[in-house]
Amino acid sequence: MSDVITHSLLTLQTGSNSSLNCHCSRGFAYVVGPPMEFACGFVYVPPSTYQREVQTKPQIAVKRSALLPPPNRIRPRSPPPPPPAPSPELQKQQHHSPEQRITEKCFKNALLPPFMRSQSPAYVQPIPGPPSLLPSNSQRLTYDLPKKEPDIGSHPWDPDYSYNIPEGSGEEMKHPNTTGSSGSAQKSAPALPPRPSFMKSCPEYLVLLPDSFSSSKSSSSSSRSREPLVGNPNVILVSLGELISEENVFTIEGEPTCCSQCGSVLDSFYDNVVNVCYFCQSSLEPPTSSSATCLGCRDSVFLLTPGDKALALTDTLLLFCIDISASMSITSQMLEGKQPIYRSRLQFVQEAVLQSVRKLSETQPHMRVGLITFNNQVTLHGNEEVTSRFLRGAELIDSEYLKEAAFSFPSPQPLSRTRDCLQREILGLYESGATALGPASLVAIAMASRKPGSKVIICTDGKANTDLGNLEVEGIDARTCLSSTIFYHDLGEYAASQGVMVSVLAIEGTDCRLDELGRLADRTSGKVVIASPHELYTEFEEIIENRTIATHCSVTLLLPTTLPSSLGLIRTSARCVKGEREAGNRVTREVGNMASDTEITFQFGAREHGSQGEVSAPVAGGRVSVQLQLRYRQKDGHSMLRVLTADKEVTDDSSVVLSSLFLAIIQLNSSQASAALAVRGRFQDAKSEGETQRELMERALEYDRSAEDKLIYSKWLKTMEPIHNSLQNYTRRQSIHSDTLQSLTDMGAALLYSMKNSNRSISLKEKHQH
């Protein structure tokens, strides 16, 4: 048959990004934590075009003269205090003639290397010879000695004292022959001019090599940290189930105060104060905890329909829509003990449905369970009080008639009253006829629409081959295929608008055209599954346990005008994804039905610098705010709005971003975005999306990462293997709609739809045909 290889896509991790941030509004403390997580602790902005040109421009090596002074020398601003006067006894002991002092000091300094000579900044170079031949004041030669060097000619009465006369300070300069016992008049020398800023007091040949070597290493590491990242670390993860289930958020009745231009929600406490919107005017800084002005609602829940009467919390509907066409009579071998037996596909389905009904009657006896079967006709099975209804012939072509028939048929009674009758109906099924899957799906969804949050499970083993929703490709033209594609697309939109979740379960080894039928399940947040006949009950249980907690869900992400969203995708050619609407810095994703484990991701980036007529990208070191708006409808019929606003610091340092990257969120976003492109036939864009984010994660793994991160990355690579290397194995040989767009096989459609709707705790089932 086939081997089922289970790969753990991602595991829930905790890190610095999942830390809780407390905000205050109207006197209430709110917590912004796991419901909205950033993949990085910063908002990454690539270096500007000018910065990249400077980095890539080859540097011309210029040999600097050793005689030039260092350019960063700090000059003293004020002269030091005068030295203390020596005592008469010390003067007598140290008395020497001027010629002896000059000869002695010259001898001492001439035998020493430059860095050990006198520390005096303006030292007079003595010339050997008799005093009469010494140069006059106008012929004196002076030079500066290096800073912080030991003065071996310092006065013995104060060996730690260093007397430095600043340059250009106007202090008097004295020649040795004018001092001592001669008593001649002292003549003042003119002040030295100020030293140019580019000159060094210490020649470059005195700079130690390790300092130069370390500076070159630091410059190389700094240049690498300035290199722009290949992928995009700006990813936001939204856990919708946690956003709704939180109970410590204050609920405000009524509509919030919104910006008339971009729709951002302002804090209601500042209704009469705030007259500007941060998201429309990106030059404003987001508020701090001590700021008196708030530009966005931090965390609140709004009851949009406080005057509406709450609906009764009755149990939702569960409808089994079962294929009983002639192909369901095909048998498979199985072992009962040691004896091989043969059972038909329908018998396996009957056994799985019966087990589900028995378990639901024990755990949820108030649930309403119905049965709809289809072959060449559609049968709405009744109970002891309601007669079954049959739809056949021309009735299966008219969509409006089918809806009216579903609305007029009574709703199923609680399972506690109809269990025995339902079991008899299931056991009485037999195989025959064609596959009217399209009309049966329409009837089931219309019947389930009476109660938002209801579920429809479609189980089939072949393609729909009647007029409405025909997916049989032999002998039909492209116009018929297009009409069927439109039919299932519209049916998915209708189900989502009514709060109905549809799941499609195909029997292994068949061709059901899940690439088209899966759109119906994908739009309603249902599942697309291929299961062997022996595993039908397990798949039924997983679908039933995945309860709907809210309907009519839409998520809006608001960014500053400097950060346009990328709709979960990086490249401009891959921006448009089904179910999403983008307008400038605002993107809305229609989720529809929401389960407790539903998680979605968004990706955003900065605008290019220098675009004329556009706002520049945010500056590194600043902060930007991001606002999330979640609109949904509760089971009691009330419409709600949850608003979250968070702010992050901006950086263009790639090393800082890579060291704080949360790999689990990047991997989940890459899987969802790549699969979203692949199910639409854009295989090359899907591969490019996965490869760019893979390079980003490989660079992040170069930093100090735990063994768990590396293990998760290796499992993610196995999960993405079909997209990276073997996507052609999951496509049909010949395109149906055109010569350029390829369609997926059932195996590929089931895999990619599962990846598109995956979360961090789900295990994807990847099946390889041998």
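Residues numbered from 1 in each chain as written. Predicted model: local features only at pLDDT ≥ 70, side-chain atom pairs only at ≥ 80, totals over all residues. Heavy atoms only, no water.

Caption draft 1: Main features of the pattern of salt bridges. The tally for this structure, following the rule as stated, stands at 22 salt bridges. Among the salt bridges present, the one from Arg-424 reaches Glu-384, with a minimum N-O distance of 3.3 Å. Of this pair, Arg-424 sits in helix H8 (residues 415–427) while Glu-384 sits in the loop between strand E17 (378–380) and strand E18 (389–391); the two residues are 40 residues apart in sequence, bridging distant segments of the chain. Under the relative-accessibility criterion, Glu-384 is labelled exposed at 63%. Across the pair Glu-599 and Arg-760 runs a salt bridge, and its minimum N-O distance is 3.1 Å. Residue Glu-599 is located in strand E25 (residues 599–603), and its partner Arg-760 is located in the loop between helix H18 (746–756) and strand E28 (763–769); the two are separated by 161 residues in the primary sequence. Across the pair, exposure class does not vary: Glu-599 and Arg-760 are buried alike. (Salt bridge = Lys/Arg side-chain N within 4 Å of Asp/Glu carboxyl O. Helix = DSSP H or I, 4+ residues; strand = E, 2+ residues; numbered from the N terminus. Buried < 20%, exposed > 50% of the residue type's maximum accessible area, 1.4 Å probe, protein only.)

Caption draft 2: Inspection of the packing of aromatic side chains at higher detail. All told, the structure shown has three aromatic pairs when counted by the stated rule. Pairing Phe-320 with Phe-540 gives two aromatic rings, centres 5.6 Å apart and planes at 80°, and the pair type is edge-to-face. Placement of Phe-320 in strand E13 (residues 317–323) and of Phe-540 in helix H12 (residues 536–545) is noted, with a sequence separation of 220 residues between them. Accessibility assignment for this pair places Phe-320 and Phe-540 in one class, buried. Look at Tyr-713 and Trp-716: their rings are 6.0 Å apart centre to centre, the planes differ by 25°, and that puts the pair in the stacked class. Taken as a pair, Tyr-713 and Trp-716 lie in helix H16 (residues 707–719) at a separation of three residues, close to a single helical turn. This pair shows no difference in class: Tyr-713 is buried, exactly as Trp-716 is. Here the guanidinium or amino end of Lys-403 rests over the ring plane of Tyr-494, the centre of that ring lying 4.2 Å away. Between Arg-589 and the ring centre of Phe-602, over which it is positioned, the NZ or CZ distance is 4.6 Å. (Phe/Tyr/Trp six-rings, centres within 6.5 Å; stacked < 30°, edge-to-face > 60°. Lys NZ or Arg CZ within 6 Å of the ring centre and 35° of its normal.)

Caption draft 3: Focus on the nonpolar core. One finds Ile-372, Val-378, Leu-391, Val-456, Val-502, Leu-514 and Leu-752 to be the most contacted residues of the largest nonpolar core, which totals 82 residues. The dominant element in this core, judged by the number of residues it contributes, is helix H9 (residues 437–448), at nine residues. Residue contacts for Leu-514: discarding those within four places in its chain leaves Val-504, Ala-506, Val-528, Ile-530, Asp-746, Ala-749 and Tyr-753. Counting 38 residues, the second-largest nonpolar core is a separate cluster that includes Val-238, Ala-550, Val-587 and Val-626. (Core = buried A, V, L, I, M, F, W, Y, C linked by side-chain atoms within 4.5 Å. Contact = heavy atoms within 4.5 Å.)

Caption draft 4: Region of interest: the sheet that holds E18. Spatially, the seven strands line up as an open sheet ordered E18-E17-E16-E13-E19-E20-E21, and their pairing is mixed. What marks the edges here is a single partner per strand, and that holds for E18 and strand E21 (528–531). Each adjacent strand pair in this sheet contributes to an overall mean axis angle of 20°, direction not counted. Strand direction decides the pairing type here: E13 and strand E16 (residues 368–374), joined by seven bridges, are parallel. Directly across from Phe-320, in E16, lies its bridge partner Leu-371. (Pairing = 2+ DSSP bridges. Axes fitted to C-alpha atoms, helices over the stretch in contact; angles between N-to-C directions.)

Caption draft 5: Summary view of empty space enclosed by the protein. Under the defined criterion, the tally for this structure stands at six cavities of 30 Å³ or more. What lines the largest cavity is a set of 18 residues, and nearest its centre among them are Val-369, His-381, Gly-382, Asn-383 and Pro-412. (1 Å grid on protein atoms, 1.4 Å probe; cavity = no way out; pocket = protein on both sides within 12 Å on 5 of 7 lines; lining within 4 Å. Points joined across faces, edges and corners; volume = space filled by probe spheres on them.)

Caption draft 6: Layout of the side chain of Thr-588. Looking at the element boundaries, Thr-588 is found in strand E24 (residues 586–595). On the basis of relative accessible area, Thr-588 is assigned to the buried category, the value being 8%. Of the polar contacts made by the side chain of Thr-588, one reaches the side chain of Thr-556; its length is 3.1 Å. (Polar contact = N/O pair within 3.5 Å; in protein donor to acceptor, adjacent residues only side chain to side chain.)

Caption draft 7: Representation of the environment of Tyr-632 within the structure. Structurally, the position occupied by Tyr-632 is in strand E26 (residues 623–633). A relative accessible area of 6% places Tyr-632 in the buried class. Note: C-alpha distance between Tyr-632 and Cys-553 (79 residues apart in sequence) is 4.3 Å. Beyond its immediate chain neighbours, meaning those up to four positions away, Tyr-632 contacts Ile-244, Val-301, Ala-550, Thr-551, His-552, Cys-553, Met-594, His-638, Ser-639, Met-640 and Arg-642.

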